[in-house]
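Spelled out from the first residue to the last, the chains are:
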Amino acid sequence: MVSMKDIAEKCGVSVATVSKALSGQKDISAETVARIKKMAAELGYQTNAAARALRTNRSYNIGVLFFDEGHSGLTHNYFSAVLESVRTEAEKSGYDITFISANVGKRAATYLQHCRYRNVDGVIIACVDFRDPMVIELADSDIPLVSIDHAFNNCTAIVSDNMDGMTELTRKVIEAGHRNIAVIHGENTSVTQNRLRGFFRECEQHGISIREDRLKSSTYRNPEGCAEIVKELLKEEDRVTCIMFPDDYSAIGGIYAIRESGLKIPEDISVVGYDGIKIAQVLEPKITTWKQDTEELGKLAVRKLTALIERPRTTIPETVMVKGSFLEGTSLGSPKK
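Residues numbered from 1 in each chain as written. Predicted model: local features only at pLDDT ≥ 70, side-chain atom pairs only at ≥ 80, totals over all residues. Heavy atoms only, no water.

Along the backbone of the protein there are twelve helices and 14 strands. Taken along its principal axes, the extent of the C-alpha atoms in the protein is 80 × 45 × 35 Å. For the protein, the residues scored as buried account for 47% of the 337 residues in total. Of the contacts formed within the protein by residues at least 6 apart in sequence, a portion of 70% connects residues at least 24 apart. When the accessible area of the protein is evaluated, it comes to approximately 17,400 Å², of which 50% is carbon and sulfur surface. (Helix = DSSP H or I, 4+ residues; strand = E, 2+ residues; numbered from the N terminus. Buried < 20%, exposed > 50% of the residue type's maximum accessible area, 1.4 Å probe, protein only. Contact = heavy atoms within 4.5 Å. Areas by Shrake-Rupley, 256 points an atom, 1.4 Å probe, with all protein chains shown as cover.)

With that out of the way, let us pick up the packing of aromatic side chains. Counted according to the given criterion, the structure contains five aromatic pairs. Judged by centre distance (4.8 Å) and plane angle (65°), the rings of Tyr-78 and Phe-79 are edge-to-face. Each of the two residues, Tyr-78 as well as Phe-79, counts as buried. Chaining the aromatic ring pairs together yields one cluster made of Phe-66, Tyr-78 and Phe-79. (Phe/Tyr/Trp six-rings, centres within 6.5 Å; stacked < 30°, edge-to-face > 60°.)

Formed by 25 residues in total, the largest nonpolar core has its most connected members in Phe-79, Ile-124, Ile-148 and Ile-158. Only β1 (61–66), α5 (77–92), β5 (122–126), β6 (145–148), α12 (294–310) and β13 (319–322) provide two or more residues apiece to this core. Ranked by the residues each element gives to this core, the list is headed by α12, at seven residues. Aside from chain neighbours lying at most four places away, what touches Phe-79 is Phe-66, Ala-126, Cys-127, Ile-148 and Asp-149. Counting residues in each nonpolar core, the second largest holds 22 residues, with Leu-233, Ile-243, Ala-257 and Val-271 among its members. (Core = buried A, V, L, I, M, F, W, Y, C linked by side-chain atoms within 4.5 Å.)

For the bond running from Ile-265 to Pro-266, omega is 5°, close enough to zero to count as cis. Looking along the chain, the bond that leaves Glu-284 and enters Pro-285 is cis, with omega of 5°. Positive phi is not limited to glycine here, since Asn-119 has a value of about 55°. You can see Asn-119 is positioned in the loop between α6 (111–118) and β5. Judged by its relative accessible area of 49%, Asn-119 falls in the partly exposed class.

Look at α5: 23 Å from first C-alpha to last across 16 residues, which is about the 22 Å you get at 1.5 Å a residue. Listed as buried for α5 are Tyr-78, Phe-79, Val-82, Leu-83, Ser-85, Val-86, Glu-89 and Ala-90. Buried residues of α5, viewed axially, fall in a sector of 155°; they line one side. Opposite the buried face of α5, by more than 90 degrees, sit the exposed residues Glu-91 and Lys-92. Tucked inside the fold, the buried residues of α5 contact β1, β2 (96–99), β5, β6, β7 (156–160) and α12. Backbone geometry just downstream of α5 places Gly-94 in the positive-phi region, at approximately 85°. (Expected span 1.5 Å × (residues − 1). Arc of directions from axis to C-beta.)

This paragraph deals with the sheet that holds strand β11 (residues 270–272). Spatially, β9-β8-β10-β11 is the arrangement adopted by the four strands of the open sheet, whose pairing is parallel. Edge positions in the sheet fall to β9 (215–217) and β11, since each has one partner strand and no second. Going across the sheet, the axis of each strand differs from the next one's by a mean of 20°, ignoring polarity. Where strand β8 (residues 181–185) and β9 come together, three bridges link them in parallel fashion. In the sheet register, His-185 faces β9, and the bridge partner there is Ser-217. Most of the contacts of helix α10 (residues 223–234) go to β8, to which it runs at about 155°, and overall it touches β8, β9 and β10 (242–244). (Pairing = 2+ DSSP bridges. Axes fitted to C-alpha atoms, helices over the stretch in contact; angles between N-to-C directions.)

As structure tokens, this is what we get:
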């Protein structure tokens, strides 16, 4: 096995210099660091994880707490993309990932107990019930924590700008000529609340009032439920001209229901989604939607968490907003006159 001593001999430097170069210390020149790292790669040097843990008093292990009501796990189109970005960025930073659950082996345990058992350096939490006492217990502990898409408990949060996204998406719908709009929204979370605020704000700017019966409650990633809601909307004499869905995956169910009724998209009725998942961009019609920047969300979550882990005395908890972008599809058109 290649050692630091082997690298030192090849580079003509001391073992201490090699150690500093590989651990990222700043008191040696960039040229020397580059030369040592190049030689380490050529020799196939691998860091001894156990020795590094003893030296730094860290496990280099990040916990990920992810649980959604639909029990979709890693098949969740939006969060699976976020978590893939988390994994990639963590590996670049020299950290491994452990998924946190409410058990240790076959024994029930709290999230905090699982984190202690796995000796994680910090935790990223996403898509959980933030009112859950076990989540609050974890947030109140001394383990560094970053949340995704929800700000709470004075923890660092990486949040997709849902209000801005929904505002911009609503503007596109209104600019296409729609005034008779229905919105199917997800469960009552901060994400949903911010999206609805963006929707109402933009409608108000254009003097458009929305009937209460055109605001329909569903759950995220629920194509079957949204299909049933769409069927009810299509029965109305004064039919809506555009339906805004809580996410692209749910919109697929709505599109099926519209087609089943014999209507065409967007000629007879328009559809817009949210999230910008890949499957929605290869369907016919291609769904007009708002793309959330899942890659940036995951990257920032890891970077902010490693800062909290490695520089706890100088890193301040903060909420970081991540902008998205409009994806033009073929499911949004102008209403019939």
